[in-house]
Amino acid sequence: MKAIVIRQYGSKEVLELAEVPDPEPEDDELLVRIHAFAINPIDWKIRKGVARWFMRKKFPIILGQDFSGEVVSVGSQVGDYEIGDRVFGAVSSLRGEGTYAELIAVPAKNVATLPNNMSFLEAAAIPTAGLTALVALRDMGGLQTGMDVLINGAAGGVGHYAVQIAKFLGAYVTAIAGPDNQDFVTDLGADEAIDYTQADYTKLPSRYDVIFDTIGNRHFRESIPVLQPRGIFISTMPSPSQYLQMALTRFSRKKSKTFLLQVEEDDLWDLKKMAEADQLRSHVEHIFSLEQIAEAQALSESHHLRGKIVIQMPTP
Ligand SMILES: NC(=O)c1ccc[n+]([C@@H]2O[C@H](COP(=O)([O-])OP(=O)(O)OC[C@H]3O[C@@H](n4cnc5c(N)ncnc54)[C@H](OP(=O)(O)O)[C@@H]3O)[C@@H](O)[C@H]2O)c1
């Protein structure tokens, strides 16, 4: 099959379109022909070597976490799927055999069937960013009807799902985004939009039950004054200092938490149901081909992305 591989860590020049052996699925896995996959910041972070100590496979590494596609074979221990089913899902890119490829062997628990009102492109955008937003807000933040949530980085991949999921959970949503994305986050359902070039949320009089920092440029300590007495600050940027902060606030009223993605089947199905109930949509800002992978990653690295970038695979 064709895949984008890296044979060393480095700049986007190490991305190589190559012919590699087809994956061989285990008994509990599906083999899926990929129709589309999304770009996530973790992809180019792995390319640069930031997670090199945690990689489970040596070079060549195939990058990528998210995909949508069609089932082409079903393992003997997999009950609920048939050849031809349209699915979407995610694998951990740390395993080094990712979704920047024509085929992926994936455990059935990492997959759900495609939302019936979404294209392959729209569904491929969801898994990493959507699961992050859902689990951080609903499970870590305990977000419920009537609560106030602030979402930093609200126009990005994680952020644009977070705004919609927070509204779905019944919260009052304040979205932080740049000047060009104020209307975008309001259209997604945000009750208020704050332009970070004009105002610093930590200096404003509002108080939040949950602050979700999707981009990792704010700290728990500076957010303390704008958290409710039992408020929770959630960051998507795991680091030793974040984990220390999390441990230090374990028994305090205001808490700092750090999110780390684990793909759970039930959560994927929850996102599918939200999409089918028209409560969740994907904003795919850019569509590229496999050959344009370097351009797609460069755009993701710009840090000013609206919604998602998706790669469309050629129809076989
Ligand atoms: N821990 C985990 O398991 C996990 C899971 C998912 C994601 N993440 C991490 O979360 C981060 C975000 O991911 P993503 O996919 O959402 O990235 P993304 O799509 O690239 O989002 C970038 C967003 O950041 C906004 N932004 C840039 N500067 C800003 C500022 N000063 N203040 C507020 N917003 C600003 C941009 O909005 P404007 O254009 O309006 O500036 C853009 O929409 C990445 O570092 C990713 O690796 C971690």
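Caption draft 1: Representation of the pattern of salt bridges within the structure. Tallying each qualifying case throughout the model produces 13 salt bridges. Note that Arg7 and Glu16 form a salt bridge whose closest N and O atoms lie 2.9 Å from each other. Owing to a relative accessible area of 30%, Glu16 belongs among the partly exposed residues under this scheme. The salt bridge partner of Asp191 is Lys167, with a shortest N-O separation of 2.9 Å. On the criterion of sequence distance, the pair formed by Asp191 in the loop between α5 (182–187) and β11 (192–195) and Lys167 in helix α4 (residues 157–168) is long-range, its members being 24 residues apart. When its relative accessible area of 35% is taken as the criterion, Asp191 is described as partly exposed. When salt bridges with common partners are traced through the structure, they connect Arg138, Asp139, Asp267, Asp270 and Lys273 into a single cluster.

Caption draft 2: Spatial organisation of the site of the ligand. The environment of the ligand is formed by 25 residues, the closest being Lys45, Gly178, Tyr196, His304 and Leu305. Here Asn181 contributes a side-chain N or O atom positioned 2.8 Å from an oxygen atom of the ligand. Protein contacts shield 87% of the accessible area of the ligand, which totals 940 Å² for the unbound molecule. Across the shell around the ligand, the residue classes break down as 12 nonpolar, 12 polar and 1 charged. Looking at the shell around the ligand, you find at least three residues from each of domain 1 (2–126 + 282–312) and domain 2 (128–258).

Caption draft 3: Broad picture of the packing of helix α3 (residues 127–140) against α4. Orientation of α3 relative to α4, taken along the N-to-C sense of each, is 45 degrees, at an axis distance of 8 Å. Comparing the axis directions of α3 and α4 gives the class oblique. You can see that α3 and α4 cross each other, and the crossing is right-handed. Here Ala129, Gly130, Thr132, Ala133, Leu134 and Leu137 of α3 lie close against α4, whose contacting residues are Gly157, Val158, Tyr161, Ala162, Ile165 and Ala166. Partitioning the contact of α3 with α4 into residue classes produces 9 nonpolar, 3 polar and no charged.

Caption draft 4: Region of the structure containing the side chain of Thr202. Position of Thr202 relative to the elements: it lies in the loop between β11 and β12 (208–213). Given the relative accessible area of 10%, Thr202 is considered buried. Here the side chain of Thr202 touches Asp200 through a polar contact of 2.8 Å, side chain to side chain. A distance of 3.5 Å separates the side chain of Thr202 from the side chain of Lys203, its partner in a polar contact. Not counting residues up to four positions away in its chain, the partners in contact with Thr202 are Arg218, Glu222, Ser223 and Val226.

Caption draft 5: Structural detail: α3. Among the 14 residues in α3, 12 count as buried, and that is most of the element. Of the residues one or two after α3, Gly142 is the one with positive phi, at around 60 degrees.

Caption draft 6: Spotlight on the environment of Val111. You can see Val111 is positioned in strand β8 (residues 111–113). By relative accessible area, Val111 is classed as buried at 0%. Sequence-wise, Val111 and Asp27 are 84 residues apart; in three dimensions their C-alpha atoms are separated by 15 Å. Among residues more than four places away in sequence, those in contact with Val111 are Leu30, Phe67, Tyr81, Val87, Phe88, Gly89, Val106, Glu265, Leu268 and Trp269.

Caption draft 7: Region of the structure containing the domain arrangement of the chain. Examined at the domain level, the chain breaks down into domain 1 (2–126 + 282–312) and domain 2 (128–258). Computed over C-alpha atoms, the centres of domain 1 and domain 2 are 27 Å apart. Residue-level contacts link 14 residues of domain 1 with 14 residues of domain 2. Interface area, domain 1 with domain 2, both sides summed: about 980 Å², of which 46% is carbon and sulfur. Scanning the region where domain 1 abuts domain 2 turns up 0 salt bridges. Summed over the shared surface of domain 1 and domain 2, the number is 12 residue pairs in polar contact (both at pLDDT 80 or more).

Definitions and cut-offs
- Residues numbered from 1 in each chain as written.
- Predicted model: local features only at pLDDT ≥ 70, side-chain atom pairs only at ≥ 80, totals over all residues.
- Heavy atoms only, no water.
- Salt bridge = Lys/Arg side-chain N within 4 Å of Asp/Glu carboxyl O.
- Buried < 20%, exposed > 50% of the residue type's maximum accessible area, 1.4 Å probe, protein only.
- Helix = DSSP H or I, 4+ residues; strand = E, 2+ residues; numbered from the N terminus.
- Near = heavy atom within 4 Å.
- Polar contact = N/O pair within 3.5 Å; in protein donor to acceptor, adjacent residues only side chain to side chain.
- Areas by Shrake-Rupley, 256 points an atom, 1.4 Å probe, with all protein chains shown as cover.
- Nonpolar A, V, L, I, M, F, W, Y, C, P; charged D, E, K, R; others polar.
- Domains from an automatic or database assignment.
- Axes fitted to C-alpha atoms, helices over the stretch in contact; angles between N-to-C directions.
- Parallel < 35°, antiparallel > 145°, perpendicular 65-115°, else oblique.
- Left-handed = near helix turned anticlockwise from the far one by under 90°.
- Contact = heavy atoms within 4.5 Å.
- Buried area = accessible area lost by both parts, 1.4 Å probe.

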